[in-house]
Amino acid sequence: MKKSKSLVTLILASFFFFFSVKGLASELNFAVNPVIPENQIDKAKTYFDLKMAPGSVQTVEVQLRNDTNNDVVIEPKIASATTNLNGVVEYGPNDIEPDETLKHNLKDLVEVAETITIPKKSQITLPIKIKMPAEDFTGVISGGVTFKEKTAATADSSTDKGLAIKNEYAYVVGILLRQTTDEVTPDLNLVAVAPSQVNARNVINVTLQNPTATYLNSFRLINEVTKKGQSDSLYSSDTAKMQMAPNSHFSYPISLQGQKLEAGEYVLKSVAYSGKSDQGQYKVKNGEEEETYLYKWEFEKEFTVAGDVARDLNQKDVTIEQDHTWIYLLIGLLLLILALLLIWYRRKKKDEE
């Protein structure tokens, strides 16, 4: 039996429009409550958003409560914020590589105990030590601390056709560190365009990079792919309500909708918007309505799909019906050869008689 695990995260925050509570708190054996300090920028927030001086050190606290009849062992993990392929910011540990523009990784600035035991029917206070970088910077260092039970507690499991799926639940408390509340003008780079697959389905990956220490909020991306020298659109996409973490990148997948990928030269044209606002100067249609954004970027990039790459991806795409004509032709040819050999053998045997 194959086993697959997925981490369902309960996030104690309201980071812009994406950082919200997810999952069911009742599935956890413990509760988490951040103690908001005096230097919190917005005391209405339930995550840490701290203004600290360069080189300063501060210890914040999180209350951990265990209402069960058994001790609970927690393993905290620190991670910088990243952006996943859905254009969603993640604050917990994952396999996404840190972006090359990330100067200050949160796990290098925050110290917390590796394991904590919460006795049954009790509450403890966990100290978290934060050290602000010594050099001056403008913008935000973003990430979170994940609280997950050490024993692989499975609040939900299901088996379907030999596949066991186990959901593991955890809390993530966001941490934002700033030296100043001055705004940073966002920027966006198109890093690469290449064919790939997501869930065994062909896509064109558009890798984008946010090189600035600020969020790209209300992020909208419009893509169109054509053959080089032609104007007809082959593949397109339009996705709104995304978000990019500071100093992060992600590969946005343009679906081929079951079409076969053909070798050749292509051109990608992308338009990206961020900062949806009534004061925005950039207007774009959204159905019958019109949206306005503060920031806009336009990209155009040529890319090539090699023949062997196209064949390999098409063979692996589960939505493409594979062409087995050559197999039928080969079988037919072998049968024909066999029949001719049989006729030749019978004639030879008759002549010998």
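Residues numbered from 1 in each chain as written. Predicted model: local features only at pLDDT ≥ 70, side-chain atom pairs only at ≥ 80, totals over all residues. Heavy atoms only, no water.

Let's talk about the sheet that holds strand β8 (residues 110-111)
Move 1: One open sheet holds the four strands; their spatial order is β2-β4-β10-β8, and the pairing between them is antiparallel. Looking at the sheet topology across the chains shown, the edges are occupied by β2 (31-35) and β8.
Move 2: One ladder, built from five bridges, connects β2 with strand β4 (residues 57-66); its direction is antiparallel. Pairing of Asn-33 across the sheet is with Gln-63, part of β4. (Pairing = 2+ DSSP bridges. Helix = DSSP H or I, 4+ residues; strand = E, 2+ residues; numbered from the N terminus.)

Some thoughts on the sheet that holds strand β18 (residues 248-255)
Move 1: Reading across the sheet, the three strands line up as β14-β15-β18 and stay open at both edges, with antiparallel pairing between neighbours. The strands lining the two open edges of the sheet, one partner per strand, are β14 (189-197) and β18. Averaged over all pairs of adjacent strands, the angle between strand axes in this sheet comes to 25°, irrespective of strand direction. (Axes fitted to C-alpha atoms, helices over the stretch in contact; angles between N-to-C directions.)

Regarding the pairing of β4
Move 1: What you see with β4 is a clean split: Gln-58, Val-60, Val-62, Leu-64 and Asn-66 sit on the buried side and Val-57, Thr-59, Glu-61, Gln-63 and Arg-65 on the side with no burial.
Move 2: Direction of pairing for β4 relative to strand β10 (residues 122-131): antiparallel, over a ladder of 10 bridges. By the bridge assignment for β10, Val-57 is matched with Lys-131. (Buried < 20%, exposed > 50% of the residue type's maximum accessible area, 1.4 Å probe, protein only.)

A look at the nonpolar core
Move 1: Ranked by internal contacts, the top residues of the largest apolar core, which has 31 residues, are Phe-30, Ile-130, Phe-147 and Leu-177.
Move 2: Contributions of two or more residues to this core are made by β2, β3 (48-51), β4, β5 (72-80), β9 (116-118), β10, β11 (141-149) and β13 (163-178).
Move 3: Excluding anything up to four places from it in sequence, Phe-30 contacts Arg-65, Val-72, Ile-74, Ile-118, Phe-147, Lys-148, Glu-149 and Tyr-171.
Move 4: One finds Val-193, Leu-221, Met-242 and Tyr-266 within the second-largest nonpolar core, a separate group that totals 27 residues. (Core = buried A, V, L, I, M, F, W, Y, C linked by side-chain atoms within 4.5 Å. Contact = heavy atoms within 4.5 Å.)

Some remarks on the pattern of salt bridges
Oppositely charged side chains can pair when the atoms bearing their charge come close.
Move 1: For the coordinates displayed, the defined rule picks out nine salt bridges.
Move 2: A salt bridge links Glu-262 to Lys-227; the shortest N-O distance between them is 3.8 Å. Remark: Lys-227 occurs in strand β16 (residues 216-227) and Glu-262 occurs in the loop between β18 and β19 (264-276); sequence separation between them is 35 residues.
Move 3: Each of Arg-220, Asp-238, Lys-276 and Glu-291 takes part in one network of salt bridges that share partners. (Salt bridge = Lys/Arg side-chain N within 4 Å of Asp/Glu carboxyl O.)

Just distances and angles here, no functional claims.
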